[in-house]
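A look at the structure
As a plain string of letters, each chain reads:
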Amino acid sequence: MTDPAAAPSFKLPQPRHASRVPAHITPELLERVRQGAYNLPQVVKPADFIPEDSPNLEQHLDGLGLILLQKAVPHQRPSRWISPALIDSALRHLDEVGVGRETRAIMIERAATLEALGITRATQEGAGDGWERLFRQPLPVRHAAWQGKGLDVGFRAPIPAEPVWAFFRHGDKRALLGALADAPRWPDAAELAAHLDALAERSAWCDEKAMDSLLPRLQAECLRPQSLADLKAACTRAQDRWERQVNEQQTLSSLNHELAFQGYPDSFPIARQLKRQVTLFVGPPNSGKTHAAFERLSQALDGAYLAPLRLLALEGRDRLVAKGVPCSLLTGEENVPADGARVVSSTIEMVNTRDPIDVAVIDEAQMLFDNSRGWAWTQAIVAVPARELVIICSEYAVPAIESLLNLCGESPVVRKFVRKQHVELLKSPVPIAALKKGDAVVAFSRREVLMLRDQIAAVGHPVSVVYGALPPEVRRREAERFATGESHILVATDAIGMGLNLPIRRVLFSTMTKFDGVGDRPLSESEVHQIAGRAGRFGLHEEGFTGVLHEAEPGAARALKELLPRTPRAPRNFKAPVAPNWWHVSTIAQRLGKQRLQEVLNVFMEQLRLDNAHFQVAELEQMLDLAGELDRNAASLSLRDRFVYAQAPVDARTETLVQDFLGWAWEHAQKGSVSRPGVLDEVDEHSRLDRMEQALRACTLWLWLDLRFPGIYGHVDEVVGLRSRLNDGIERQLKGKKPLWQMRQRGRRGR
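Every value quoted in this text rests on a predicted model; they were computed, and no experiment measured them. (Residues numbered from 1 in each chain as written. Predicted model: local features only at pLDDT ≥ 70, side-chain atom pairs only at ≥ 80, totals over all residues. Heavy atoms only, no water.)

Okay, unusual backbone geometry next. If you check the backbone angles, Lys-275 has positive phi at about 50° while not being a glycine. In the Ramachandran plot, His-715 falls in the positive-phi region, its phi being about 55° despite a non-glycine side chain. As for its position among the elements, His-715 is in the loop between α25 (689-708) and α26 (716-735). (Helix = DSSP H or I, 4+ residues; strand = E, 2+ residues; numbered from the N terminus.)

Here it is in structure tokens:
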């Protein structure tokens, strides 16, 4: 029996984990592993097992029997754990590789190589000791429809762990592949092939061209690793959706027997009938992909540019007009037709899914992954009725977009663009006092932008600012001041990463964390690449640089250095978000006899979960909240009118605006018209900056509603006039020399 007094003493954040340490491991050996934890591939973090926003992250790994090596540092780095069975492997890694500063980048590179080979940690079950690989195997299909084409199945299978650990040590890819040369066979291939042949037999009446559009749908299902039963069911659903499209090509405007999201792409029959030719323009910022897309659009018989922001819709209109192409403007709050217009430049939510056009361009399609607005890209990618569709996106979004198009029976061509200059990491942080003309400083809140603006102006630099609360017209003027050299420094939020083409030489992060509505979180690889990519502009700056401010939080420079070389990745297990349209709402209401909008929307959310292999309900919390208020306060409005109101761009963070909005809806319901808005008399161009910004949001909301309810709101000339004066007032304050943040703070003391 072991003497407890002689038991080794381990330095662990959780002392009780000492009992999990293998008997032959001494405290000195374990301390080596603990000190090298952040460079060891054997070490894991909670997000390797379950999503980062899951409750009880730490308890989950504790329950798996892992050993806690390093505690988490809030907003900087997660905790690090190791399986007792991998401690020997970790020690061998330390003996052969070491823990020098350069090893971190090497491990990241080797991990990326493994991921590209489909090799991932097996964390779905057990303590994550093992590895698995995504294999692809041809299916022995026999039906004549498949001959010369073929179908593959994707499946995950365990692989020996030692060759993977050896690869982390020596980086010999050839040796790794040699050790894994024996690919397993998927045991259910014959049964799945027979099922697919039966589906083809069932559809044998279709012509060969129609069968060609079935193949990519089935391939999209077969390449998604899942059980045989789930895969057969998914292929059957895909065949069902395809069969309905072929049979009911002209009658898909309404579905009598199922809700549209069970065959979401097929609920847009005009787009499906066109047999669209789709090209993905793929590349990093400043690679020329947007320029090429506008060149193609300018040659179209008719077309549409679908932008992520009103600012970019304005820019798109101006770019086309400059090329001699008459172009209309359509955003949530304005419809500005142009004489003889061949093209419309619009925000993506305003996509026309009814009228066929020659060419459509969808910009910033990686926004498909955005939690709140991704549904608009899902809808546009699936539904825009263009004979030729150009989709501009970052490379990491390509697989998700290809999968979405495959579900439409379409196979896109990928055209890659290469950035003409590279972004280099600055060797050291830059103090505010050392900023130079052409620098852009990035922050992630209005407060931080205004504080930095005041600090930089205090050392003698004229400053332009860009942040979300500014109206597009002001953002545009501020960008022009920077572009012309009237201002030396640009201070901006991450709005800078989306489409603004500016002569920036250095992009400097003031922080590497961002508040996401719940709490502060580290920036992601995609955010860093999108923002840093704005440094350097072909023909203006032959090279670009990125770094952090000296005044940034400790660890910011290290975080940027780690994130910049990483390749951005799409969210794991991504499903395209879908939001309801009027067809969904009216179908549910008629079938179930419901007239309360909130109940109808709840049915939509619940029913969509029945077929969630590729789609998921978009975040509808604000829409649901507004629907409940409208059901209570404006119930006499038609269901359709309440649904329109529920989609309004109400800033729910501003309580006074929400109350104004609900009051307008109540007046509409009770009186059939809405009184003159109070904002016209309460704020002018000499008011405080935050008051003017809030008033502009009210103007935007009023114009949005007037566009959808003609004759109900009115007073448009007055509202547009106030909006113009407020734009001038905000621009005047931003150009002035008075400190804005400090002035605002003093104005609020005593409240």
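A few words on the pairing of strand β6 (residues 277-282). Most of β6 sits out of view: five of its six residues are buried. Bridge analysis of β6 against strand β12 (residues 386-393) gives six bridges, and the strand direction is parallel. From the neighbouring strand, Val-278 faces β12, where its bridge partner is Leu-389. (Buried < 20%, exposed > 50% of the residue type's maximum accessible area, 1.4 Å probe, protein only. Pairing = 2+ DSSP bridges.)

Another point: the sheet that holds strand β5 (residues 152-159). The three strands are arranged β3-β4-β5 in an open sheet whose pairing can be described as antiparallel. Two strands bound the open sheet, and with one partner strand each, they are β3 (119-121) and β5. Sheet twist, expressed as the average angle between the axes of neighbouring strands with direction ignored, equals 30°. Pairing of strand β4 (residues 131-138) with β5 involves eight bridges; the strand directions are antiparallel. Each bridged residue has a counterpart across the sheet, and for Leu-134 the counterpart in β5 is Arg-156. (Axes fitted to C-alpha atoms, helices over the stretch in contact; angles between N-to-C directions.)

In total, this model carries 17 aromatic pairs according to the counting rule given. Summarising the aromatic geometry, the rings of Trp-582 and Phe-643 are spaced 6.4 Å apart at their centres and angled 35° between planes, so their arrangement reads as tilted. Here the residue Trp-582 occupies a position in helix α19 (residues 582-592), and Phe-643 occupies one in helix α22 (residues 639-646), the gap between them amounting to 61 residues. According to the relative accessible area criterion, Trp-582 is partly exposed, its value standing at 25%. An aromatic cluster is defined as three or more aromatic residues linked by ring pairs; in this entry it consists of Trp-131, Trp-165 and Phe-168. A cation over an aromatic ring shows up here: Arg-415 above the ring of Phe-281, its NZ or CZ 5.0 Å from the ring centre. (Phe/Tyr/Trp six-rings, centres within 6.5 Å; stacked < 30°, edge-to-face > 60°. Lys NZ or Arg CZ within 6 Å of the ring centre and 35° of its normal.)

Pairing is parallel in the open sheet, where six strands are placed in the order β14-β21-β18-β15-β17-β16. Single-partner strands in this sheet number two, and they are β14 (423-425) and β16 (463-466). On average, each strand axis in the sheet is inclined to that of its neighbour by 25°, with strand direction left out of account. Against the sheet, helix α15 (residues 446-458) makes contact with β15 (439-442), β16 and β17 (489-492), and its axis sits at roughly 160° relative to β17, the strand it touches most. Sitting on the sheet, helix α18 (residues 556-563) is in contact with β14, β18 (506-509) and β21 (544-548), with an inclination near 135° to β21. (Contact = heavy atoms within 4.5 Å.)

Right, let's talk about the pairing of β18 for a bit. Judged by which residues are buried, β18 turns out to be covered on both faces: Arg-506 and Leu-508 on one side and Val-507 and Phe-509 on the other are all buried. Of the pairings in the sheet, the one linking β15 to β18 comprises four bridges and is parallel in character. Across the sheet, residue Val-442 finds its bridge partner in β18, namely Phe-509. Bridge count between β18 and β21: four bridges; the pairing is parallel.

One broad trend across soluble globular proteins is that nonpolar side chains are buried collectively. In terms of nonpolar packing, the biggest core is built from 118 residues, with Ile-362, Ile-391, Ile-401 and Leu-705 touching the most fellow members. Of all the elements, α25 adds the most residues to this core, at 11 residues. Those residues within four positions of Ile-391 in sequence are excluded, and the remaining contacts are Val-278, Thr-279, Leu-280, Phe-281, Ile-362, Ala-365, Ile-381, Ile-401 and Leu-405. Judged by nonpolar contacts, the second largest core, of 55 residues, contains Leu-91, Leu-117, Met-211 and Leu-214. (Core = buried A, V, L, I, M, F, W, Y, C linked by side-chain atoms within 4.5 Å.)

If you trace the backbone, Glu-132 turns up in strand β4. Buried within the structure, Glu-132 lacks any salt-bridge partner; its nearest side chain of opposite charge belongs to Arg-156, at an N-O separation of 4.2 Å. Sequence-distant contacts of Glu-132, that is, excluding residues within four places in its chain, are made with Gly-118, Ile-119, Thr-120, Arg-121, Ala-122, Arg-156, Ala-157, Pro-158 and Ile-159. (Lys, Arg positive; Asp, Glu negative; His and termini not counted. Salt bridge = Lys/Arg side-chain N within 4 Å of Asp/Glu carboxyl O.)

The subject of this paragraph is the packing of helix α21 (residues 621-633) against α22. Where α21 meets α22, the axes come as close as 9 Å, and the angle between the chain directions of the two elements is 135°. The angle between α21 and α22 places the two elements in the oblique class. For the pair α21 and α22, the sense of crossing is right-handed. Note on element contacts: α22 touches α21 through Arg-642, Phe-643, Tyr-645 and Ala-646, opposite Met-623, Leu-626, Ala-627, Leu-630 and Asp-631. Looking at the contact of α21 with α22 residue by residue, the class counts come to seven nonpolar, no polar and two charged. (Parallel < 35°, antiparallel > 145°, perpendicular 65-115°, else oblique. Left-handed = near helix turned anticlockwise from the far one by under 90°. Nonpolar A, V, L, I, M, F, W, Y, C, P; charged D, E, K, R; others polar.)

Next up on the list: the packing of helix α4 (residues 103-116) against helix α5 (residues 161-170). Two elements in contact, α4 and α5, have axes separated by 9 Å at closest approach and are oriented at 140°. In terms of axis orientation, α4 runs oblique to α5. Classified by chirality, the crossing of α5 by α4 is right-handed. Facing Met-107, Arg-110, Ala-111, Thr-113 and Leu-114 of α4, the residues of α5 in contact are Val-164, Phe-167, Phe-168, Arg-169 and His-170.

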